Amino acid sequence: VKSSLEMKGFALIVLLVASSSAWTLFQNDAAVSCAQKQVDVLHLLYKVHAPIPSKHANLKDATDNFNPIADTSIYSDDGAAAKALHKDTEEHKVLGKHHYFSLFNDKHRHDALELFDVLMSCKSWACAVNNAAYFRDRINEGAFTYALYVAVRHSPIAHNVVLPPLYEITPHMFTNSEVINQAYSAKMTQTPGKFHMDFTGSENNKEQRVAYFG
């Protein structure tokens, strides 16, 4: 009987500790306003082809000091996704920076989905932001951008966060060939110039006025 009571007491303590941890996690995440989440996402996407600037101190600190596999309790999958992506980045198995990213390439898509899985497994906003900042510096910019956009759209902890249009984040991907040729000629002749760019797609069709890789 004594042993049974001791086991029940131990189980109760474990339950209280777990409940306390879960409540603390909920409180910490609830304390992050939607406005702050919006700022975090915009800062993560700021000049995505360049390193995170020091003026975004919290993200810069996560980039340099966060360890995504140090505490796996912050993930719903016990850190399985984070461990997989961390291993691939450490072994240089992911698409390098400044390379063109395409969802039609299986390997490129795999890299993006690895980060997406990490972000979706995060239990709190702090976990997601720290991972996003850390891996932003270590995977391809296109893969990062795709993963972040899809995760924000699907994760309940990012509810009400508004994503900027992609043509604001990667405008060079929406530049038509005429402007590229004009810029190339100016570069070759060392002649400064301003070039008007109109729609990259079909001007007559409102739904196709902006074309990716136009």
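Quick note: structure is the one above.
Throughout this description, residue numbers start from 1 for each chain and increase along the sequence as written. The predicted origin of the model limits local features to residues at a pLDDT of at least 70 and limits the giving and counting of side-chain atom pairs to 80 or more, whereas totals for whole chains, interfaces and linings rest on all residues. The basis for the side-chain values is all heavy atoms of the structure; hydrogens and waters are excluded.

The subject of this paragraph is unusual backbone geometry. One non-glycine residue, Asp78, lies in positive phi territory at about 60 degrees. Strands are runs of DSSP state E lasting at least two residues, helices are runs of H or I lasting at least four, and both sets are numbered from the N terminus onward. Among the secondary structure elements, Asp78 is positioned in the loop between helix H3 (57-65) and helix H4 (80-90). Positioned with a positive phi, Asn160 is a non-glycine residue whose angle comes to about 75 degrees. As for its position among the elements, Asn160 is in the loop between helix H7 (141-154) and helix H8 (166-169).

Once that is clear, we can look at the nonpolar core. Leu115, Val118 and Phe144 are the most contacted members of the largest nonpolar core, which has 43 residues in total. Two residues qualify as a contact provided that any one of their heavy atoms is within 4.5 Å of a heavy atom in the partner residue. If sequence neighbours within four positions are ignored, Leu115 has contacts with Leu85, Phe135, Ile139, Phe144 and Ala147. Take the buried Ala, Val, Leu, Ile, Met, Phe, Trp, Tyr and Cys residues and link them wherever side-chain atoms come within 4.5 Å; each set so joined is a nonpolar core. A simple rule labels every residue: compare its accessible area, found with a 1.4 Å probe on the protein chains alone, to the largest value its type can have, and call it buried under 20%, exposed over 50%, or partly exposed in between.

Turning next to the packing of aromatic side chains. Two descriptors summarise a pair of aromatic rings, namely the distance from one centre to the other and the angle between the planes of the rings. Only Phe, Tyr and Trp rings are paired, with Trp represented by its six-membered ring, and only when their centres lie within 6.5 Å; those with planes under 30 degrees apart are stacked, over 60 edge-to-face, the remainder tilted. Taken as a whole and assessed by the stated rule, the structure comprises 3 aromatic pairs. With a centroid separation of 6.4 Å and an interplanar angle of 75 degrees, the aromatic rings of Phe66 and Tyr134 are classed as edge-to-face. Of the two residues, Phe66 sits in the loop between H3 and H4 while Tyr134 sits in helix H6 (residues 125-136), which places them 68 residues apart along the sequence. Each member of the pair, Phe66 together with Tyr134, is buried.

Our focus in this paragraph is the pattern of salt bridges. Each reported salt bridge corresponds to a side-chain nitrogen of Lys or Arg within 4 Å of a carboxyl oxygen of Asp or Glu. Counted according to the given criterion, the structure contains 4 salt bridges. Three or more residues are tied together by salt bridges with common partners; here these are Lys87, Glu91 and Lys93.

A few words now on the environment of Ala35. The topology assignment puts Ala35 in helix H2 (residues 34-45). Sequence-wise, Ala35 and Asn160 are 125 residues apart; in three dimensions their C-alpha atoms are separated by 9.4 Å.

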